[in-house]
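# An overview of the molecular structure
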There are 2 protein chains.
Amino acid sequence: MYHSLVLIFSLGFCISQIVIAQNATNTYVGPGIPYATPVSGNYGGALRPQVHFSPPKGFMNDPNGLFVDANGTWHLYYQYNPTDVIAGNQHWGHATSADLYTWINQPIALWPPNDFTFIYSGSAVIDSNNTSGFFPNQDNGVVAIFTLAQVINGVGGLQAQGIAYSYDGGYSFNMYAGNPVLNINSTQFRDPKVFWYPGTQKWIMVVSYASDFTVGIYTSPNLKDWTHASNFSHHGLLGLQYECPNLVEMPVAGSNSTMWLMFISINPGAPLGGSISQYFPGSFNGTHFIAVDQVSRIADFAKDNYAGQFFSGIPGSQPQIQLDWSSNWQYTGLVPTGPTEGWRGCMTVPRESYLEQLPSVGWTLISVPYSISSQFLKEITSSDDLKNGTLLLDYSQVSSGALYFEANITGLNPDILAGTVNFTFASSASGEYVKGGTMVNGITWLSRHNIRGFDNPYFTDKFSSNGIYSGSQNGSWTISGVLDRTILEIFVNGGQQSATMTFYPTAPLDMLWIGTNSIPENVRVSVAVWALKDAWATQENFNGTVVGNVTST
Amino acid sequence: MYHSLVLIFSLGFCISQIVIAQNATNTYVGPGIPYATPVSGNYGGALRPQVHFSPPKGFMNDPNGLFVDANGTWHLYYQYNPTDVIAGNQHWGHATSADLYTWINQPIALWPPNDFTFIYSGSAVIDSNNTSGFFPNQDNGVVAIFTLAQVINGVGGLQAQGIAYSYDGGYSFNMYAGNPVLNINSTQFRDPKVFWYPGTQKWIMVVSYASDFTVGIYTSPNLKDWTHASNFSHHGLLGLQYECPNLVEMPVAGSNSTMWLMFISINPGAPLGGSISQYFPGSFNGTHFIAVDQVSRIADFAKDNYAGQFFSGIPGSQPQIQLDWSSNWQYTGLVPTGPTEGWRGCMTVPRESYLEQLPSVGWTLISVPYSISSQFLKEITSSDDLKNGTLLLDYSQVSSGALYFEANITGLNPDILAGTVNFTFASSASGEYVKGGTMVNGITWLSRHNIRGFDNPYFTDKFSSNGIYSGSQNGSWTISGVLDRTILEIFVNGGQQSATMTFYPTAPLDMLWIGTNSIPENVRVSVAVWALKDAWATQENFNGTVVGNVTST
């Protein structure tokens, strides 16, 4: 942002009364919002995930502007209400990471231009060739593209696309004076995701005409002037709105080729209620996306995965990396982290993904945690042959409360596809538990039915999905997962299926059982569990507060 | 069936040892199965629905062969295991009704040709023009078309389509000696649904290549010789199998035109887990079906609605009528009606349906209970203006335990779309309850979370869906429902959304609360509740047994 008359606060207790004077491009710093310094927060609460990103305080929803810079620093922006634990007053929060797990909170990156126009979701790109003209003297200029959304007296108004540019690698932004850059006089036009398409030497934007169930595809030479190219509409599940479209090129397993993926979030009205994401593999020629078929594919089989965004700037020949918001609009404003710990909203672990044509069901988005081993503190239990037995673990001494586990069934005979792995994470204090399991060549399931810290008419208790054994699995069937205090993510067969489930126990989970059943002769089950790092605890000051990047650039 | 050497049993205790000798077309009457006389059963159990069809004993799944004869008698056949309360040993059970609610159990209609070939799902038509040649002397000959499914030592084998013909209006059948009439040497080829297409003077069959996610469309002049015309494949949600396709012409609301509907059940792998049905509006020209768009539409937003079939013989200009199976393959073999009452499986109430283009979401299958008022015993409570108040009803004296309720919000101002209606059916003895509600211009939800008579990892507790107020509703928003001991079906705005939910309380539900909230000024809420008839009780003999149609034709 461009702040010619910015006041820097010296008295914290005063800021709730200060409205910053603005220049012509307008930046509105609302009451109570720290400027140019990170929002600080306490990450020590019992409900606070330790290897997942959550905001220091306030409310977070969609990941925005994901990019990786030339130094290998990952930038996460996010829809952020810094002044309350429900959605509203949307800014772009900002955090950076070297490993996608340990995040450093940065100052808020994008602010409303005035008190009735908010910064909704969008994306960011590095304009290394200065197509925009903003960056005559650098090759690391960053442009953010987002929705300027009017909300007047609580009623939504115009939604148009704006841009802002950053000279300092994405830490601070200047609003473009020519905003909006794309305005069709709609109240349902948002969430631009932009990428560079070498084939036409153009920027491509996918953007949602939300209530028309349409993704508009636009092209631009300079990020300022946008030309409509085509629409992709009325595919798959509609719900009541399409949101947060992504269009991304990614590798195809077992080949050197790539394919394109249209990824669309819908809310409300998902089959399980509320929010969900779906995807469409297909082809893209610079102007038109064509889905490979008329199939509707859901990205995650539980209920807490929405608004996923892929990092920009990763070549399509490499696995793509995404973050998703781990909640559901049906209950996100009610979960107990708000009143007890002052924050709501969490991202998934980063997921690395590609496309694979599986037997029977065909094209599938395969995703697993990105380099989760970088977060291993130590292996705390394992078994090389847990055949029809049970492994019991007390992990109350793991300070993060976060575990990664893997169970691998190997040596399967395709003619005798049997065997199950079940797991239970329980609280020794309260008896509450989450559980799940997978069956070779069959169902994978999760349950939060026996957790008592939160309930509401939409907090569905059980989730399941079915998989099929593939010969390419070479006799194996696996399940892995990340359990992090109040979120569980599981991955079947290296990411053929995945699920994200939040839950809110009244006492910390600290016991794990993993058991196997019906494992045939000559089949082996290996199980291992790792304690995960305390990513946030390393940043706590003597008060237990994480203050973030106090040396603002 | 054609039984040249049939033995009629005179001693009931002997039948479990008798295997009937067969003629060349083979009919295998297994041990313990009554021949030419209905299976009797007790319908008095606390878990037994009273205005829904359930089998006298044993296990029921898909509705089959639905047709209405010239006398106005409705024929329901169904996938039936007469010897156990889990799936297997599939026959076609049979029942008839004058009103689609009061059913008379008839003798089993279709039997396996041998002990390793079962009769899987299919349909029935009246061959009034004797296209088949089976009926030179009558215009009411019935032909059943079904899958002959080999199951050898528990392993599925060949699935091919067979036919059988009935001279007596569908009460008894003769296997066609030329079976199978359609065989592609597949183990995944089933559930033929046949109808007459006047435009080409041909019979049309839609049949599932289940694991290829393909519906084959075949044509025939005579029900015996079938020609492949086209395939409809890879649309919508796949799950792991397409089953039970229907293709039916039906009216379009607000016009004199008709449209075609492809209705496909998928199992397992539905978004909520297990079984679900989806549909595709479109056009049909006698050989090809083309969906109107690439949208995936789910027929019912809860988890107990599968394998729906439309009655044959109703002109496309009239609302179509269907029955669906009210369970889910994830847990149908475990529900407590088996051990406690000796039966499992229930149909929905008959639903009358048409297509309507709703605002925003577009083409929608609208369905409501068919002529439910025919089942009203009496109105037991009502309110003409339940604005922001509560109505409490003790219905322990309603012997059926079955109620129909309606709540109508009227006089809505499109600028102030507010108001909710919530309901709770509870047990005064156990405190268990099911509940639900609807919000004007918003969500409708159901919960079986607080019912304790059955739980399992797949028995999901909560369901929800979203609707949008339409000006054509003329200021109204309504919810209605049928509660029948262990099944609840609800319908929003005259069937724009519907849901089917089974549940198994430990004590009968006998209390109802209906409450409203946030109803604006000048808006009215009328509520009424009717006791429903004891359809089965009227057929009980002095032992409490329903013996069915003892005068077999």
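Quick caveat, the model's predicted, so the values are computed rather than measured.

About the cut-offs
- Residues numbered from 1 in each chain as written.
- Chains lettered and ligands numbered in written order.
- Predicted model: local features only at pLDDT ≥ 70, side-chain atom pairs only at ≥ 80, totals over all residues.
- Heavy atoms only, no water.
- Helix = DSSP H or I, 4+ residues; strand = E, 2+ residues; numbered from the N terminus.
- Buried < 20%, exposed > 50% of the residue type's maximum accessible area, 1.4 Å probe, protein only.
- Contact = heavy atoms within 4.5 Å.
- Polar contact = N/O pair within 3.5 Å; in protein donor to acceptor, adjacent residues only side chain to side chain.
- Core = buried A, V, L, I, M, F, W, Y, C linked by side-chain atoms within 4.5 Å.
- Disulfide = S-S within 2.5 Å.
- Buried area = accessible area lost by both parts, 1.4 Å probe.
- Salt bridge = Lys/Arg side-chain N within 4 Å of Asp/Glu carboxyl O.
- Nonpolar A, V, L, I, M, F, W, Y, C, P; charged D, E, K, R; others polar.
- UniProt positions renumbered as here; feature names shortened; annotations may be inferred.
- Pairing = 2+ DSSP bridges.
- Axes fitted to C-alpha atoms, helices over the stretch in contact; angles between N-to-C directions.
- 1 Å grid on protein atoms, 1.4 Å probe; cavity = no way out; pocket = protein on both sides within 12 Å on 5 of 7 lines; lining within 4 Å.
- Points joined across faces, edges and corners; volume = space filled by probe spheres on them.

On to the environment of Tyr404(B), then. All names here are of chain B. Looking at the secondary structure, you find tyrosine 404 in strand 29 (residues 402-410). The buried category is assigned to tyrosine 404, whose relative accessible area is 5%. Sequence spacing of tyrosine 404 and serine 480 is 76 residues, and the spatial spacing of their C-alpha atoms is 7.3 Å. In contact with tyrosine 404, not counting residues within four places along its chain, are Ile372, Phe376, Ser480, Gly481, Val482, Ala528, Val529, Trp530 and Leu532. Among the polar contacts made by the side chain of tyrosine 404, one reaches the side chain of glutamate 406 at a distance of 2.8 Å.

The next subject is the nonpolar core. Phe425(A), Leu488(A), Phe425(B) and Leu488(B) are the most contacted members of the largest nonpolar core, which totals 126 residues. Ignoring anything within four residues of it in the chain, the contact list for Leu488(A) reads Phe405(A), Phe423(A), Phe425(A), Val434(A), Leu446(A), Val482(A), Leu483(A), Ala499(A), Thr500(A), Met501(A) and Phe503(A).

Attention now goes to the state of the cysteines. Residue and element names in this part refer to chain A. Considering all chains together, one arrives at zero disulfides over all chains under this definition. Free cysteine cysteine 346: the closest other cysteine sulfur is in cysteine 244, separated by 17 Å. Owing to a relative accessible area of 6%, cysteine 346 belongs among the buried residues under this scheme.

Moving on, we get to the interface of chain B and chain A. With 38 residues of chain B in contact, the opposing surface of chain A contributes 38 residues. Here chain B meets chain A over a buried area of about 3300 Å², counting both sides, of which 58% is carbon and sulfur. Summed over the three residues of chain B that lose the most area to chain A, namely Leu240(B), Gln294(B) and Lys462(B), the buried surface amounts to 18% of that side. Inspection of the chain B/chain A interface yields two salt bridges. Between Asp455(A) and Lys462(B) there is a salt bridge, and its shortest N-O distance comes to 2.4 Å. The interface formed by chain B and chain A contains 17 residue pairs in polar contact (both at pLDDT 80 or more). Secondary structure elements with two or more residues in the side of chain B that touches chain A: strand 15 (235-236), strand 20 (294-295), strand 32 (443-450) and strand 33 (462-466) of chain B. Taken together, the residues of the side of chain B that touches chain A sort by class into 17 nonpolar, 17 polar and four charged.

Here the focus is the UniProt feature "domain: Glycosyl hydrolase family 32 N-terminal" (unreviewed entry) in chain A. Per the UniProt record, "domain: Glycosyl hydrolase family 32 N-terminal" (unreviewed entry) is annotated on residues 52-356 of chain A. Strand forms 53% of residues 52-356 of chain A and helix 2%; the C-alpha atoms that close the span are 27 Å apart.

Pairing between sheet strands relies on hydrogen bonds along the backbone, with the strands arranged either parallel or antiparallel. Residue and element names in this part refer to chain A. As summarised here, the arrangement of the six strands in space is 27-38-29-34-35-36, forming an open sheet in which the pairing is antiparallel. The two strands at the open ends of the sheet, each matched to only one other strand, are strand 27 (376-383) and strand 36 (497-502). Geometrically, the sheet is characterised by an average inter-axis angle of 15° between neighbouring strands, direction not taken into account.

Glancing now at the UniProt feature "domain: Glycosyl hydrolase family 32 C-terminal" (unreviewed entry) in chain A. Taken from the UniProt record, the annotation "domain: Glycosyl hydrolase family 32 C-terminal" (unreviewed entry) applies to residues 458-508 of chain A. Helix and strand shares over residues 458-508 of chain A are 0% and 49% respectively, and the end C-alpha atoms of the span are 23 Å apart.

All names here are of chain A. Reported here for the largest pocket is a volume of approximately 1200 Å³. In terms of lining residues, the largest pocket is bounded by 38 residues, among which Arg190, Gln241, Glu243, Asn267 and Trp329 are the most central. If you list the elements that add at least two residues to the lining of the largest pocket, you get strand 2 (58-68), strand 6 (117-126), strand 7 (142-152), strand 8 (155-166) and strand 11 (189-197). The element best represented in the lining of the largest pocket is strand 8, accounting for four residues. Its residues assigned to classes, the lining of the largest pocket shows twelve nonpolar, 22 polar and four charged.

Moving on, we get to the sheet that holds strand 28 (residues 390-394) of chain B. Residue and element names in this part refer to chain B. Spatially, the six strands line up as an open sheet ordered 28-37-30-31-32-33, and their pairing is antiparallel. Two strands close off the open sheet at either side, each with one partner strand: strand 28 and strand 33. Neighbour to neighbour, the strand axes of the sheet diverge by 10° on average, direction disregarded.

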